[in-house]
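A look at the structure
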Amino acid sequence: ANLLFGPVTEQAVAEFPDAHAELAQRFGFGAGPLAVLGGSHGSAVAQEVAIARPDVVAAVLVSPLAQLRAIVGVNERRFGMTYPWNAAAERVADRMDYVARAAETAERAPAVRILVGADDDADGVRAPAAALRDALAERFADAGRVDLVTVPGMEHALADADERPLPVAAEV
C-alpha cells in the first residue's frame with residue numbers, strides 16, 4: 001500500500017499543469033499568482049506543486065500528510081497490522097517527509113496554512129503537522145507566513161462514507 005502513495009502523488013503532480021490549464025480556460029482566469037489546496041493525501045500533491053512552481057504564493061494543507069511514515073503508522077494501528085518496510089518503500093517515505101523537506105518549500109516561501117482536526121490522530125497527523133509548521137517557520141524569513149489552525153470537533157475526514165460533507169467542513 002505504501003508504494004502507492006509515491007506513484008499516485010507523482011501522477012497527480014504530473015497531471016497538474018494540464019488540469020490547471022483546462023480550469024483556466026473553462027473559468028477564464030489567466031496567468032498570475034496561484035494558491036493550492038490539498039487534504040490528506042492531496043496535501044502531498046499541493047506541497048509538491050508548491051515546491052515545483054514559482055507561481056504558487058499560498059498553500060492550504062488540510063489534515064496533511066506531513067510525514068508518510070506517521071500516516072502509515074495510523075493505518076497500522078487502525079487495521080491492526082505492521083507494514084513490511086523495504087528499501088523502495090523507505091525511499092518513498094523519505095520523499096514524502098515534508099518536514100525534512102521544509103527547506104525546499106522555504107525556497108519559494110509561499111504562505112502556508114495548515115488545518116488539523118482536534119479529533120484527528122495525534123501521532124499521525126497533528127504532531128507531524130505541528131512539526132511541519134515549526135520547520136517551515138524556522139526557515140521562512142517571515143515566520144508569520146506559516147500557521148497551524150486546529151478545528152474543534154474535526155476528525156480526519158470532511159465527508160461521511162456516502163461523500164456527504166460533515167458539518168465541520170463548513171468551518172474549513
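See the structure shown above.
Before going into details, it helps to say that this report is about the structure given with it. Here the structure is a predicted model, which is why all the values come from computation and not from measurement.

All right, on to the environment of His41 then. Tracing the chain through its elements places His41 in helix H2 (residues 41–52). Each C-alpha atom, one on His41 and one on Arg91, is 17 Å from the other, the two residues being 50 residues apart in sequence. Ignoring anything within four residues of it in the chain, the contact list for His41 reads Phe5, Val8, Thr9, Leu65 and Met96.

This part covers the packing of aromatic side chains. One pass over the full model with this rule turns up 1 aromatic pair. The ring of Trp85 is capped by Arg69, whose NZ or CZ atom sits 5.8 Å from the centre of that ring.

Right, let's get into the pattern of salt bridges. Counted under the stated rule, the structure contains 12 salt bridges. A salt bridge links Arg69 to Glu90; its shortest N-O distance comes to 2.7 Å. Pair noted here: Arg69 is in helix H3 (residues 68–79) and Glu90 is in helix H4 (residues 87–95), with a separation of 21 residues, a long-range link. With relative accessibility at 33%, the residue Arg69 sits in the partly exposed group. Residue classification places Glu90 among the partly exposed positions, given a relative accessible area of 30%. For the salt bridge of Asp121 with Arg77, the shortest nitrogen-to-oxygen distance reads 2.8 Å. Of this pair, Asp121 sits in the loop between strand S3 (111–117) and helix H6 (122–139) while Arg77 is found in helix H3, placing the two residues 44 residues apart along the sequence.

Moving on to the side chain of Ser43. Here Ser43 shows up in helix H2. Owing to a relative accessible area of 0%, Ser43 belongs among the buried residues under this scheme. A polar contact is formed between the side chain of Ser43 and the backbone nitrogen of Leu65, at a distance of 2.8 Å. For Ser43, the contacting residues outside a window of four places in its chain are Gly38, Leu61, Pro64 and Leu65.

Right, let's talk about the packing of H3 against H6 for a bit. At a closest axis distance of 8 Å, the pairing of H3 and H6 adopts a crossing angle of 160°. Between H3 and H6, the crossing angle belongs to the class labelled roughly antiparallel. Where H3 approaches H6, its residues Ala70, Ile71, Val74 and Arg77 are matched on the opposing element by Asp123, Gly124, Val125 and Pro128. Here the residues of the contact of H3 with H6 sort into 5 nonpolar, 1 polar and 2 charged.

Bringing the nonpolar core into the picture now. Counting residues in each nonpolar core, the largest one holds 37 residues, and the members touching the most others are Val36, Leu68, Met96 and Leu132. With 6 residues, the top contributor of residues to this core is H2. Look past the residues within four positions of Val36 in its chain and what remains in contact with it is Phe16, Ala46, Val49, Val56, Ala58, Ala59 and Val60. Among the nonpolar cores identified, the runner-up in size contains 5 residues, and Val62, Leu115, Val151 and Val168 belong to it.

Calculation notes
- Residues numbered from 1 in each chain as written.
- Predicted model: local features only at pLDDT ≥ 70, side-chain atom pairs only at ≥ 80, totals over all residues.
- Heavy atoms only, no water.
- Helix = DSSP H or I, 4+ residues; strand = E, 2+ residues; numbered from the N terminus.
- Contact = heavy atoms within 4.5 Å.
- Phe/Tyr/Trp six-rings, centres within 6.5 Å; stacked < 30°, edge-to-face > 60°.
- Lys NZ or Arg CZ within 6 Å of the ring centre and 35° of its normal.
- Salt bridge = Lys/Arg side-chain N within 4 Å of Asp/Glu carboxyl O.
- Buried < 20%, exposed > 50% of the residue type's maximum accessible area, 1.4 Å probe, protein only.
- Polar contact = N/O pair within 3.5 Å; in protein donor to acceptor, adjacent residues only side chain to side chain.
- Axes fitted to C-alpha atoms, helices over the stretch in contact; angles between N-to-C directions.
- Parallel < 35°, antiparallel > 145°, perpendicular 65-115°, else oblique.
- Nonpolar A, V, L, I, M, F, W, Y, C, P; charged D, E, K, R; others polar.
- Core = buried A, V, L, I, M, F, W, Y, C linked by side-chain atoms within 4.5 Å.

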